[in-house]
Amino acid sequence: MSADEATRVFEEHRGYLTAVAYRMLGTLADAEDAVQEAYLRYARADLGEIREPRGWLTTTIGRICLDQLGSARARREQYVGPWLPEPLVGAGSGLGPAPVTPEDRVTLDESVSMAMLVVLESLSPAERTAFVLHDVLGLPYDEVAETVGRSEPACRQLISRARGHVRERAPRFTVDARQQSAVVDAFLTACTNGRLDTLVGVLAPDVVLRSDGGGLVSGVARRPVAGAENVARLLLGVAARHPAFPWTSQVNGAAGIVFEGTGGVVGVMAFTVDGGRITEIDFVVNPEKLSRVRLHER
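Model, not experiment: these values are computed from the prediction.

## A look at the sheet that holds strand β3 (residues 245–251)
Part 1 of the argument: Pairing within the open sheet is mixed, and its six strands lie in the order β2-β1-β6-β5-β4-β3. Because the sheet does not close on itself, it has two edges, and the strands there are β2 (225–226) and β3.
Part 2 of the argument: Where strand β5 (residues 264–274) meets strand β6 (residues 277–284), seven bridges bridge the pair, whose relative direction is antiparallel. Within the sheet, the bridge partner assigned to Ala270 lies in β6 and is Asp282.

What follows is the structure, given as structure tokens:
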């Protein structure tokens, strides 16, 4: 295979690999670095021995992400407040072409929600890598075991443990795009009107709000806030102190809200909706994670 042909083959999988790496690492910058490293390894490999490029690249990106997760975990433990992933804003989510098969599309779409990525943050690097490779991408146990450097029986235990953590902590939600959009619109109207009772009515009684550290929006909690009235009062207080232009957009594959201030985008909200009410809100205000969000076209 020529160098040009190798590059062409790799580029066919770049969007898919970025999508996989984002689910493991939580930011596009880290995902793109991992994909570039995968390209370098692919270019150095004996291409004549690679019968299935997608499988080889999936295993390779898994190993790279596993290495990166170790150092990323140490950095995130020192983060101010909860660490939230970088939001993907817009219908295309910035991840390039969809995976090859419809089955992969469904699985990857479900695994990219902000709330699910927060759950994946609670796993160890090996658990997260193994879970994404096996339960999300469908790689067989023996290939996952080779990727994470464990025996196959140990790998099965690793995935089982990760699956249990995800099942225990995964958010409840309704997969209904119209309902999600309607609830987010009602939430935005209630916030704009400043009506506490109306806003409380849109929130589930046990709703949880998480917001990450840093950013231009002060007053956002550094610890998760629970309860409809507590969350509503906090949000209305932030809105009163920080006027911004809000607009709805796709955020990690579902209806969310982008907030623009005079200096640009100052916040992005992702929502989990179940039974017609909001059960979780993830509010990203760190400017480093908002730098890719485009301004609203007016």
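## Examining the packing of aromatic side chains
Part 1 of the argument: With the rule as written, the count across this model stands at five aromatic pairs.
Part 2 of the argument: Between the aromatic rings of Phe10 and Tyr39, the centroid separation amounts to 5.1 Å while the plane-to-plane angle is 70°, which identifies the pairing as edge-to-face. Note that Phe10 is positioned in helix α1 (residues 3–25) and Tyr39 in helix α2 (residues 28–44), a separation of 29 residues in sequence.
Part 3 of the argument: The class for Phe10 is buried, based on a relative accessible area of 0%.
Part 4 of the argument: Tyr39 sits in the partly exposed class, given a relative accessible area of 22%.
Part 5 of the argument: Linked through ring pairs, Phe10, Tyr39, Tyr42 and Trp56 together constitute an aromatic cluster.
Part 6 of the argument: The cationic tip of Arg54 hangs over the ring face of Tyr16; the distance from NZ or CZ to the ring centre is 4.1 Å.
Part 7 of the argument: Residue placement shows Lys289 over the ring face of Trp83; its charged tip is 4.4 Å from the ring centre.

## Let's talk about the side chain of Asn252
Part 1 of the argument: Positionally, Asn252 belongs in the loop between β3 and β4 (254–261).
Part 2 of the argument: Look at Asn252 and you get buried, because its relative accessible area is 3%.
Part 3 of the argument: A distance of 3.1 Å separates a polar atom in the side chain of Asn252 from a polar atom in the side chain of Tyr22.

Rules used throughout
- Residues numbered from 1 in each chain as written.
- Predicted model: local features only at pLDDT ≥ 70, side-chain atom pairs only at ≥ 80, totals over all residues.
- Heavy atoms only, no water.
- Pairing = 2+ DSSP bridges.
- Helix = DSSP H or I, 4+ residues; strand = E, 2+ residues; numbered from the N terminus.
- Phe/Tyr/Trp six-rings, centres within 6.5 Å; stacked < 30°, edge-to-face > 60°.
- Buried < 20%, exposed > 50% of the residue type's maximum accessible area, 1.4 Å probe, protein only.
- Lys NZ or Arg CZ within 6 Å of the ring centre and 35° of its normal.
- Polar contact = N/O pair within 3.5 Å; in protein donor to acceptor, adjacent residues only side chain to side chain.

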